[in-house]
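Below are the chains, spelled out letter by letter.
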Amino acid sequence: MAVTVEEARAKVLDSILHTGTTTFSESKLDRAIIAAVNRFLRETRINRKTHSIAISDDVISYSLATLAAAGTNLENRIGVAHIASTDWERVKYTDYNNIRHRHEKESADGKPELVGFDGDNMIVYPTPDAAYTLTVQTYELQDVSSWTIGGTDATTLAVTIDIPDRWVDDVLWFGARGYLLF
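Reference entry: report on the structure contained in this document. All residue numbers refer to position in the chain's written sequence, counted from 1. With pLDDT at 70 or above as the cut-off, local features in this predicted model cover only qualifying residues; side-chain atom pairs require 80 or more to be listed or tallied, and sums for whole chains, interfaces and linings still use all residues. Hydrogen atoms and water are omitted, and side-chain values are computed over all heavy atoms in the structure.

**Considering the overall build of the protein**
Phase 1 of the analysis: Each helix corresponds to a stretch of at least 4 residues labelled H or I by DSSP, and each strand to a stretch of at least 2 residues labelled E; elements are numbered beginning at the N terminus. Within the protein, the regular secondary structure consists of six helices and nine strands.
Phase 2 of the analysis: Atoms counted for the radius of gyration: C-alpha only. Globule rule: 2.2 Å times residue count to the power 0.38. Computed over C-alpha atoms, the radius of gyration of the protein comes to 21 Å, more than 25% over the 16 Å expected from 2.2 N^0.38 for 182 residues, which places it beyond the range of a compact globule.
Phase 3 of the analysis: For the protein, the spread of C-alpha atoms along the principal axes amounts to about 70 × 30 × 25 Å.
Phase 4 of the analysis: Out of the 182 residues belonging to the protein, those deemed buried represent 36%.
Phase 5 of the analysis: Should any heavy atoms of two residues lie within 4.5 Å, those residues are counted as being in contact. Looking at the protein alone, contacts between residues at least 24 apart form 64% of all its contacts between residues at least 6 apart.
Phase 6 of the analysis: Areas reported as accessible are Shrake-Rupley estimates using a 1.4 Å probe. Residue values count occlusion only from the protein chains shown. When the accessible surface of the protein is summed, it comes to about 10300 Å², and 49% of that surface belongs to carbon and sulfur atoms.
Phase 7 of the analysis: In this charge count, Lys and Arg are treated as positive and Asp and Glu as negative; neither His nor the chain ends contribute. Taken as the charge location is NZ of Lys, CZ of Arg, CG of Asp or CD of Glu. Taking the 18 positively charged and 26 negatively charged side chains of the protein as two groups, their mean positions are separated by 6 Å. Throughout, exposure labels follow a simple rule: accessible area from a 1.4 Å probe, protein chains only, divided by the maximum for the residue type, with under 20% read as buried, over 50% as exposed, and the rest as partly exposed.

What follows is the structure, encoded as structure tokens:
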């Protein structure tokens, strides 16, 4: 059973002694719930998603903004990236300066082996000699795209909390309550 925003608000209010339903606004409840849920999701990285990034022949730089607009937030990456193939070759994350140095000293082509980040860009090494698919896993935070903070509309109230049922009560009871009270 997934917990909805409406149920989450009620659980948080129940967790605080001597408060009524008007002590905290829906906006404050929602912000506390989102903060607690996102902290849990950041620390456990339990809500995971796999992304495929198209690597083009002879292209070494990829805009992080473009990738984020397509739903791939590489700031939340976990694990090891792979080239999608039958052998799932690993692509290591490394410091950008390491990649820059290699591009300056060598003019190698082939399957990407290294990925680094230069400001707003993802850089691969060596220069791709063909089209490849880079597979990356990220952890996801609470989806608030349909959640109007403080909203009482049916869409907002029906949004479900992105935490497995076995932990959602603790996150709301202790985490969201803590955010509200402190």
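**A word on the side chain of asparagine 76**
Phase 1 of the analysis: Position of asparagine 76 among the secondary structure elements: in the loop between helix H3 (64–69) and strand E3 (77–83).
Phase 2 of the analysis: When its relative accessible area of 11% is taken as the criterion, asparagine 76 is described as buried.
Phase 3 of the analysis: Once you skip the residues sitting within four places of it in the chain, asparagine 76 turns out to touch Gln137, Thr138, Tyr139 and Leu141.

**Focus on the pairing of strand E4 (residues 89–93)**
Side chains on a regular strand alternate between the two faces of the sheet.
Phase 1 of the analysis: Across three bridges, E3 lies against E4 in antiparallel orientation. If you follow isoleucine 83 over to E4, its bridge partner there is glutamate 89.
Phase 2 of the analysis: In the sheet, E4 pairs with strand E6 (residues 114–118) via two bridges, with the strands oriented parallel. Within E6, the position partnered with lysine 92 by the bridge is leucine 114. We treat two strands as partners when DSSP finds at least two bridges between them.

**Quick notes on the nonpolar core**
Phase 1 of the analysis: One finds Val12, Ile33, Ile161, Ile163 and Leu172 to be the most contacted residues of the largest nonpolar core, which totals 24 residues.
Phase 2 of the analysis: Mapped by element, the contributors of at least two residues to this core are helix H1 (5–15), helix H2 (26–44) and helix H6 (165–181).
Phase 3 of the analysis: Among the elements that take part in this core, H2 stands out by supplying eight residues, more than any other.
Phase 4 of the analysis: Residues within four places of isoleucine 163 in sequence aside, it is in contact with Val37, Phe40, Leu41, Val168 and Val171.
Phase 5 of the analysis: Only buried residues count toward a nonpolar core. Its members are Ala, Val, Leu, Ile, Met, Phe, Trp, Tyr and Cys residues joined through side-chain atoms within 4.5 Å. Core analysis: the next-biggest nonpolar cluster, separate from the first, contains 14 residues, Ile53, Leu67, Val115 and Leu134 among them.

**Things to note about the environment of glutamate 89**
Phase 1 of the analysis: Residue position: glutamate 89 is located in strand E4.
Phase 2 of the analysis: Taking relative accessible area as the criterion, glutamate 89 reaches 32% and is therefore assigned partly exposed.
Phase 3 of the analysis: Between the alpha carbons of glutamate 89 and leucine 134 there is a distance of 9.7 Å; along the sequence they are 45 residues apart.
Phase 4 of the analysis: With residues up to four places along the chain from it excluded, the contact list for glutamate 89 reads Ala81, His82, Ile83 and Lys111.

Function cannot be read off these values alone, since they describe shape.
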